[in-house]
Amino acid sequence: MSKQFDVVVIGAGPGGYIAAIRAAQLGMSVACIDAWETADGKPAPGGTCTNVGCIPSKALLQSSEHFEQVNHHFEEHGIEVKGLSLKLDKMLARKNVVVKQNNEGVLYLFKKNKITFFHGKGEFAGQVDGGWNIKVTGKTEDDLVGKHIIVATGSAARELPGLPFDETQVLSNDGALRIGGVPKTLGVIGAGVIGLEMGSVWRRLGADVTILEAMPEFLAACDTQVAKEAMKAFTKQGLKIETGVKIGEVKATAKSVTLPYQDASGADKTLVVDKLIVSIGRVPFTGGLNAAAVGLKLDERGFVAVDEDCKTNLSNVWAIGDVVRGPMLAHKAEEEGVAVAERIAGQHGHVNFATVPWVIYTAPEIAWVGKNEQQLKAEGREYRAGSFPFVANGRARALGDTTGFVKVLADAKTDEVLGVHIVGPMASELISEAVTIMEFRGAAEDIARICHAHPTLSEAMKEAALAVDKRALNF
Ligand code: FAD
Ligand code: NAI
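In this text the structure is predicted, and so the values were computed from the model without any measurement.

Caption draft 1: Representation of the site of ligand 1. Neighbouring ligand 1 are 39 residues, the closest being Asp34, Thr48, Lys58, Gly122 and Asp322. In the environment of ligand 1, a nitrogen atom lies 3.5 Å from a nitrogen or oxygen atom belonging to the backbone of Cys54. One of the side-chain nitrogen or oxygen atoms of Asp322 is found 2.8 Å away from an oxygen atom of ligand 1. When ligand 1 sits alone it has 1,000 Å² of accessible area, and the protein chains cover 93% of it. Those elements that provide at least two residues to the shell around ligand 1 are α1 (14–25), β2 (30–34), α2 (47–52), α3 (54–73), β4 (121–128) and α9 (330–344). Considering each element in turn, the shell around ligand 1 owes the most residues, 4 residues, to α2.

Caption draft 2: Fine view of unusual backbone geometry. Here the amide bond leading from Ala363 into Pro364 is cis, since omega sits at 0°, within 30 degrees of zero. The residue Pro364 is located in the loop between β19 (358–360) and β20 (365–370) in this model. The linkage connecting His454 with the following residue, Pro455, adopts the cis geometry, with an omega of -10°. Positive phi is not limited to glycine here, since Cys310 has a value of about 70°. For Cys310, the position within the fold is in the loop between α8 (291–294) and β18 (317–319). One non-glycine residue, Met426, adopts positive backbone phi at about 55°. Of note, Met426 is situated in the loop between β23 (417–424) and α12 (427–439). On the accessibility criterion, Met426 (43% relative accessible area) is partly exposed.

Caption draft 3: Expanded view of the site of ligand 2. Around ligand 2 sit 22 residues, and of these Ile194, Glu213, Gly281, Met328 and Val359 come closest. Within the backbone of Val193, an N or O atom sits 3.1 Å from an oxygen atom of ligand 2. Within the side chain of Glu213, one N or O atom sits 2.6 Å away from an oxygen atom of ligand 2. Considering ligand 2 on its own, with 840 Å² of exposed area, one finds that the protein chains cover 76% of that surface. Secondary structure elements with two or more residues in the shell around ligand 2: α6 (193–204) and β19. The element that contributes the greatest number of residues to the shell around ligand 2 is α6, accounting for 3 residues.

Caption draft 4: Spatial organisation of the domain arrangement of the protein chain. Assigned domains within the protein chain: domain 1 (3–157 + 283–351), domain 2 (170–280) and domain 3 (355–468). Put simply, the middle of domain 2 and the middle of domain 3, counted by C-alpha atoms, are 29 Å apart. Across the contact, 18 residues belong to domain 2 and 20 residues belong to domain 3. Around 1,500 Å² of area is buried between domain 2 and domain 3 when both sides are counted, 63% of it from carbon and sulfur atoms. The three residues of domain 2 that bury the most area against domain 3 are Asp223, Val226 and Glu229, which together make up 32% of that side's buried surface. For the pair domain 2 and domain 3, the interface holds 1 salt bridge.

Calculation notes
- Residues numbered from 1 in each chain as written.
- Chains lettered and ligands numbered in written order.
- Predicted model: local features only at pLDDT ≥ 70, side-chain atom pairs only at ≥ 80, totals over all residues.
- Heavy atoms only, no water.
- Near = heavy atom within 4 Å.
- Polar contact = N/O pair within 3.5 Å; in protein donor to acceptor, adjacent residues only side chain to side chain.
- Areas by Shrake-Rupley, 256 points an atom, 1.4 Å probe, with all protein chains shown as cover.
- Helix = DSSP H or I, 4+ residues; strand = E, 2+ residues; numbered from the N terminus.
- Buried < 20%, exposed > 50% of the residue type's maximum accessible area, 1.4 Å probe, protein only.
- Domains from an automatic or database assignment.
- Contact = heavy atoms within 4.5 Å.
- Buried area = accessible area lost by both parts, 1.4 Å probe.
- Salt bridge = Lys/Arg side-chain N within 4 Å of Asp/Glu carboxyl O.

Quick look at the structure:
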């Protein structure tokens, strides 16, 4: 006898578990299935984000930044530390504890919201009276029927053709988060978000890190001025970044990895490193769903094909998060999860893609929302720009962290904020003011007239907004 639910969610990453919670809040009976497990076979809900993504990477970024601060910056504050040493195993163990707390947090939330959790793989078994039959396989087997199905199966790291991940020498994000000893030399293919974050972690801990990027431009998705400032800062820290390269046939042995490549000028070079991280993007994960058997349509790149409401081609089957088009970000997955649960309940859930913020958690941090200057120029849109450097911000000086700036871009006629770009301390937190203003379709003048506490980094946002009208007060 099948177990009946109003909603069955496949995948308990940030998209799936949040969709399950919102559906339960709206009074529906909800099941959530997730296959992830710990090394000892226990359920580990939370998806890529919790297990091998956002959370463990931020734990290691924090720990390694502490190490960097003690090593290189405490002295400026008059603090001398002798006999400093790194206990990498303890650092990694702490990261694992943070992950576990988050896994347990999700399980707690399932219980609190009366969501039935199934630990195993969920696959479509066919359409039945009253919905879709989903089979759960794993340690236990179950047979579920959901009136609505939400596919939230996420993504997986993309391999370089002919170079499979072995997670010892050739590392995906998974292996990159658990290297047992700091490698003397570390190569990274792809100067994207993972390459920069994980490259920073291991550089801070002592590795000599070289990042090879195919695109001629560094951080092409960022505002050019931000990318330039970030490149300057990363280079000064010792990260070696080469853009415009063409990688040849990579060879990995038990001891090293050899990467022949052509640099931007066309010269042949070879990089030999102890370990290699390959971070060249991610691919949607639909393996194991039995999608083809029920005719669930995928697009040409393997994403589950959805419309703007996250509806698939099958009735009452929805898909959200990394497995569908759009940015592969945890908060985007969450917003889609909430919106779909609300649509199932007959409400009008909505996700505003124009105000999804991006953050890179390096030092300096990089964050942006909306359009950058290149995009506005390409659109022929008239705009005014106002920038404010952290070097002129009292709090940043007190922190000893004055790299970077805030830039506000506003429509030349209406003053509506079109984009905000930050490189500098706590950019990840500062950006939410910009998101809020843009959600309300506010103007630069609105930010400029809001009272910001002194001394805070957020004053740089106010000053950049004032600078749009050429009336910054402290610069
Ligand atoms: P996922 O989190 O991938 O979850 C999918 C879940 O579905 C998994 O648990 C999987 O096991 C399960 N599953 C798959 N198929 C089945 C099946 N058939 N049956 C049962 N279960 C199944 N994003 C940010 O916003 N901020 C960050 O700081 C950030 N840092 C990142 C760092 C790294 C190293 C990586 C790799 C990613 C990072 N991301 C970050 C991206 C973020 O992790 C993803 O965008 C997010 O996890 C997507 O959520 P999701 O719910 O769509 O999928
Ligand atoms: P990415 O898309 O950010 O960067 C991949 C980089 O690799 C690009 O610059 C691309 O030009 C380059 N590249 C591709 N093929 C290459 C090749 N053959 N040789 C050299 N360079 C090549 O992807 P990444 O870093 O793997 O991360 C995947 C996704 O995970 C991100 O796009 C993001 O959505 C998410 N993520 C988000 C984080 C955050 O929000 N802070 C942190 C980490 C990941």
